[in-house]
Amino acid sequence: MEEIKILVIDDERGIREGCRRILESENYQVAVAETGEKGIEVAQTDKFAMALIDLKLPGMDGLAVINELRKIDSEIVPIIITGYGTVETAVEAMKAGAFDFVAKPFTPNEIINVVDKGLIQIKERQEGLELKQEKRERAVDELNSLSIVDEILARYNYNAASLIAILQDIQKQFNYLPQNLLRHVALTMNIPLTRVYSISTFYSAFSLKPRGEHLIDVCLGTACHVRGGMNIMERLERELGIKNGETTYDEKFSLKSVRCVGCCGLAPVVVIDDEFHGKLVQDKVPKILAKY
Amino acid sequence: MKQYRTHCLVCTGTGCVSNHAFDIKTALESEIIKQGLKDEVTVIATGCNGFCERGPVMVVQPENIFYQELKEKDIPFLVEEHFLKGRPVEKMMYVPPKEEAVIPKMSDIEFFKHQLLVVLRNRGRIDPEKIDEYIGYDGYRALGKALTEMKPEQIIEEVKTAGLRGRGGAGFPTGIKWGFCEQAEEDTKYLICNADEGDPGAFMDRSILEADPHAVLEGMVIGAKAIGAQEGFIYVRDEYPLALRRINIAIEQATEYGLLGENILGSGFNFKLNVVRGGGAFVCGEETALIASIEGEVGRPKPRPPYPAQKGLWGKPTNNNNVETWANVPQIILRGGGWFASLGTKESKGTKVFSLVGKVNNTGLVEVPMGTTLRTIVFDIGGGVLKGKKFKAVQSGGPSGGCVPESLIDLPVDFEKLTEAGAIMGSGGLIVMDEDTCMVDVAKYFVEFLEEESCGKCNPCREGLKRLKEVLTLITQGKGEAKHLEMLDDIALLMKEASLCALGATAPNPVLTTLKYFREEYEEHIFQRRCRAKVCKDLIMYRIIAEKCTGCQRCVKACPTEAITGPRSQPHNLEESKCIKCGACYEVCKFDAIAGDAIYIE
Amino acid sequence: MIPITINDKQTKVPEDLSVLEAVREQGIYIPTLCYHEALEPAGSCRLCIVEVEERGRVRTAASCVTPLTPNMIIRTDTEKILKIRRILLELLMARCPGLKVLEQMAAQMGVKKVRFAQEDDDCFLCGQCVRACSEIVGVSAIGFSDRGVNNKIGAPFLKASNVCISCGTCTTICPAGTFHLERVDNLVSLHRYSNEYHQEKCRVCGDHFVV
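## Thoughts on the sheet that holds strand β9 (residues 275–277) of chain A
Residues and elements named next belong to chain A.
Here comes step 1: Taken together, four strands build an open sheet; the order of strands is β7-β6-β8-β9 and the sheet is mixed. Single-partner strands in this sheet number two, and they are β7 (253–258) and β9. The sheet shows a mean angle of 20° between the axes of neighbouring strands, direction not considered.
Here comes step 2: Across the sheet, helix α10 (residues 229–240) touches β6 (214–219), β7 and β8 (270–272), and the angle it forms with β7 is around 165°.

Structure follows, in structure tokens:
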């Protein structure tokens, strides 16, 4: 884990060193300064996650220090140490941008609690940022995918009779039929969503769930059935730890039974991504899977 | 055209392609160049040769030598020996099961000897991606005749004379069907070619499209002329990429040659053909569901009447035939309905293409005259049952069909005879079953298949299949009761009489025929808790026969649950509590030491 | 008007009727679940099957979707027809135990016991709601999805529909009472596909409408 650094600015040596002792025992890295000016100097040389600042400092006061620290690092989480444990000063400090405050005198636990809270805040903020990033990427993605779908629709002249072919092409592109794209198709072609949904659940070619990187089709046509296709299917289910119709947790394989691929001479047959594996016996299954 | 002394016809049907036929072709071509034979030997990629079991296969002409189970690494040797030194290579030739001598010539091999090729006449001899090769064998001559010399009524009359019946399942007379559509008074009419071959174990239509797509196109244009249709649709399964590719190429080439599109052959007749990819639903083989699917709807059947001949695609008169039916048409027009009617039996004329699969030695695609006996098909052409096991039944007609038992092995196969036996012709899938096939399990298999494929619209089919499965599952689990047989009969009656479409109405057939011919197997499951074929897992246990076990440890390695233990060279031990009855040991045992024995429960 | 025979009685009926309408006009009982005068017939429940004879050919047909032809002979109460209906009803009762509409029919048709494993569905997929929503209301907020035994009725993705106008037609038409509408103040919930709407009461007519 990355080390978390905390800056303590207080003119009272007892408080400074007390905080250092408590926080270091919790495995934080601590830097101290006795005045606001010195604290700002230190902050310029290193990145601190959090700063504990005495409200009443000689020279520059605590609120001004918060402002300056913010200018150096907007992400720093400032916490005020106040000697006057009144609501007014605390509120004022919070207004000035402090994340929290702790009143003197405090116990080690109080300090640890307030620092922990601050860290949670940092973590959430980071996650929020990532989420926003992801959302933005998804939006770009969606924009791209919508334009791909639009191209497909245009190729078929927005003709509702070609709906099955349109969905086949969309699936070829995206590996499955994402919900938002189906909604887009219905909206653009001006047909009820129920019709698009009916078709995409009726025909076995379509999947509404993402499928694995490799598609395993186990032929269970009659010829394969009488030549033991079901045993091959059961072996695959055991090897992959999934059932017919499911996708492995790592999204590597999707397993599906199909009804006759028309290679009855090779029965029993398994087709993995367009490659045929014929005249199979169960014992060969692990070896074949290992190839992918 | 350039002349070559030798033609290598490499099969590139889906069966052989799955066995890397295209790699063989590439290897042949580069080896021929390498050995300086490129002006003497040519390589042609043909459609399905039919003998899928032995793929990848190749025929060398003019000698008519049949090579099988080719491997890339053997190609240099083959080219050197055969094409350079003129010594055909025996080790790549066909040896019949249980014999030793090779049969070099294709025409001498039993599998091919009994066949009569009408629909498949171009299989394995032309490159389906080259229209010139099709034309070279009389291709599009029938179209010329139909467009320039014949009136629509005459075309229909010729098809009626031929006695051609629909090859998709029901066997309705094609000429009469065309007549209905021709008489419909509408300006816009449509044609459909049903290539949504959904029967498990059937691949006739795919092979025809892959081997001779122009025959289907030609048939459709002739049909369009007869009916007065301006536009047609070929509905192909999306799982048939090669067939799709070849039909698209064929349409492109035919359009370029003026055999499709505007003013065909200068006759003023226009016909446009579109390819529609299926979405994967067995029920779309049903006409009204197929039409809904082409319209971009869910493939749920609609009540008939109105029939498609009056109100079909977009409410217009529509005629639908399957691939094989269309492929028969050019030959009928060219050689005359009388010639066609001279083949086959009284009620069923012409030939029929079957896919012969299952527990049979020579899996593949065969075309025989109607009326050929099951015995000829299974034992002469098919070479009998795999591994010398005992023949039990042939399942005909897919999930709508039924099982024909050994006692009817001399049944001449035609529409009437199969229907009498309780099966149907269907699209032509013949699945051979041996003593290791459990007939209750087979019935359950088809019911499960249909349960997944039923559209779910009407109650008898949806609820009926669910309950057939429920009852059959109980029986195969050893929880059967006497009343279950009656319940099966009741559901079957309901489905047969009250279902909305043919899928539901014929769905009980596999159950009914197995009940009729193999009732004792049902009774054994129910009353003795015994599965004689050793298929139903709840009724069997595996054990090792100590006297036969050599202690080779193959099964120890194969067992996924470590149920089998034992040191090398000593009989192994199978721990029953760990055994999941997967049969992996049985598959690898070379000494028949592992038996799946039936359990008796008192 | 064309002549037909229903259960051995000759009569004349308008030719644009369906077999079901012609029979019901004679006051003869035929059970139906998917049929509704206001909707296009679907022919999916199959309870209305009868035996029809045309030009000497006898077949079983769903009367709601079978057009009349001159001299047609219709039999609604042969032993076979009644038996098939009983089996069908038994299967539906196994699917939806305790549904009033089915139990009433069972009493009338003499279905006494159900031999199959009971499920706990409350919808037998007659599709009247789906057809009403598209044919009468014109919004197609609900439809069929999936197929076969997994066939179900609902809004797309089985989430709240954004085109539903909460008119409640589906709730009114449902013969099973499966769809129902619950109103708490101005909030209307359509059960079975979790839609909620704010409605206001009209000061003139007192009906509610979506805001």
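After that view of the structure, there is still more to cover.
## Examining the packing of helix α9 (residues 204–211) of chain B against helix α11 (residues 241–256) of chain B
Residue and element names in this part refer to chain B.
Here comes step 1: Relative orientation of the contacting elements α9 and α11 amounts to 40°, with a least axis distance of 8 Å. Between α9 and α11, the angle is such that the two are oblique. Considering the relative orientation of α9 and α11, their crossing is left-handed. The segment α9 lies against α11, with Arg-206, Leu-209 and Glu-210 engaging Leu-242, Ala-243, Arg-246 and Ile-247.
Here comes step 2: Its residues placed into classes, the contact of α9 with α11 shows four nonpolar, no polar and three charged.

## Details of the pattern of salt bridges
Residues and elements named next belong to chain B.
Here comes step 1: In the structure shown here, the tally under the stated rule is 68 salt bridges over all chains.
Here comes step 2: Arg-167 is the salt-bridge partner of Glu-324, the closest N and O atoms lying 3.9 Å from each other. Within this pair, whereas Glu-324 is found in helix α13 (residues 323–335), its partner Arg-167 is found in the loop between α7 (152–162) and α8 (174–183), the two being separated by 157 residues in sequence.
Here comes step 3: For Glu-324, a relative accessible area of 0% gives the class buried.
Here comes step 4: Judged by its relative accessible area of 0%, Arg-167 falls in the buried class.

## Looking at unusual backbone geometry
Here comes step 1: Residue Pro56(B) is reached from Gly55(B) by a cis peptide bond, and omega for that bond is -10°.
Here comes step 2: Of note, the bond from Arg304(B) into Pro305(B) is cis; its omega dihedral lies within 30 degrees of zero at -5°.
Here comes step 3: Relative to the helices and strands, Pro305(B) is located in the loop between α12 (287–294) and β9 (318–322).
Here comes step 4: Within the chain, Asn64(B) stands out as a residue other than glycine whose phi angle is a positive 70°.
Here comes step 5: Notably, Asn7(C) is not glycine yet its phi reads approximately 45°, a positive angle.

## Some words on the domain arrangement of chain A
Here comes step 1: Domain annotation of chain A identifies domain 1 (5–127), domain 2 (131–202) and domain 3 (214–290).
Here comes step 2: Using C-alpha coordinates to define each centre, domain 1 of chain A is positioned 53 Å away from domain 2 of chain A.

## Here's the deal with the interface of chain A and chain C
Here comes step 1: Between chain A and chain C, the contact holds twelve residues from the first and 14 residues from the second.
Here comes step 2: Carbon and sulfur atoms supply 60% of the area that chain A and chain C bury against each other, a total of about 1,100 Å² over both sides.
Here comes step 3: Scanning the region where chain A abuts chain C turns up zero salt bridges.
Here comes step 4: Elements that contribute at least two residues to the side of chain A that touches chain C include exactly α7 (179–189) and α8 (193–202) of chain A.
Here comes step 5: Counting residues per element, the side of chain A that touches chain C draws most heavily on α8(A), at six residues.
Here comes step 6: Residue composition of the side of chain A that touches chain C, grouped by class: six nonpolar, five polar and one charged.

Criteria and thresholds
- Residues numbered from 1 in each chain as written.
- Chains lettered and ligands numbered in written order.
- Predicted model: local features only at pLDDT ≥ 70, side-chain atom pairs only at ≥ 80, totals over all residues.
- Heavy atoms only, no water.
- Pairing = 2+ DSSP bridges.
- Helix = DSSP H or I, 4+ residues; strand = E, 2+ residues; numbered from the N terminus.
- Axes fitted to C-alpha atoms, helices over the stretch in contact; angles between N-to-C directions.
- Contact = heavy atoms within 4.5 Å.
- Parallel < 35°, antiparallel > 145°, perpendicular 65-115°, else oblique.
- Left-handed = near helix turned anticlockwise from the far one by under 90°.
- Nonpolar A, V, L, I, M, F, W, Y, C, P; charged D, E, K, R; others polar.
- Salt bridge = Lys/Arg side-chain N within 4 Å of Asp/Glu carboxyl O.
- Buried < 20%, exposed > 50% of the residue type's maximum accessible area, 1.4 Å probe, protein only.
- Domains from an automatic or database assignment.
- Buried area = accessible area lost by both parts, 1.4 Å probe.

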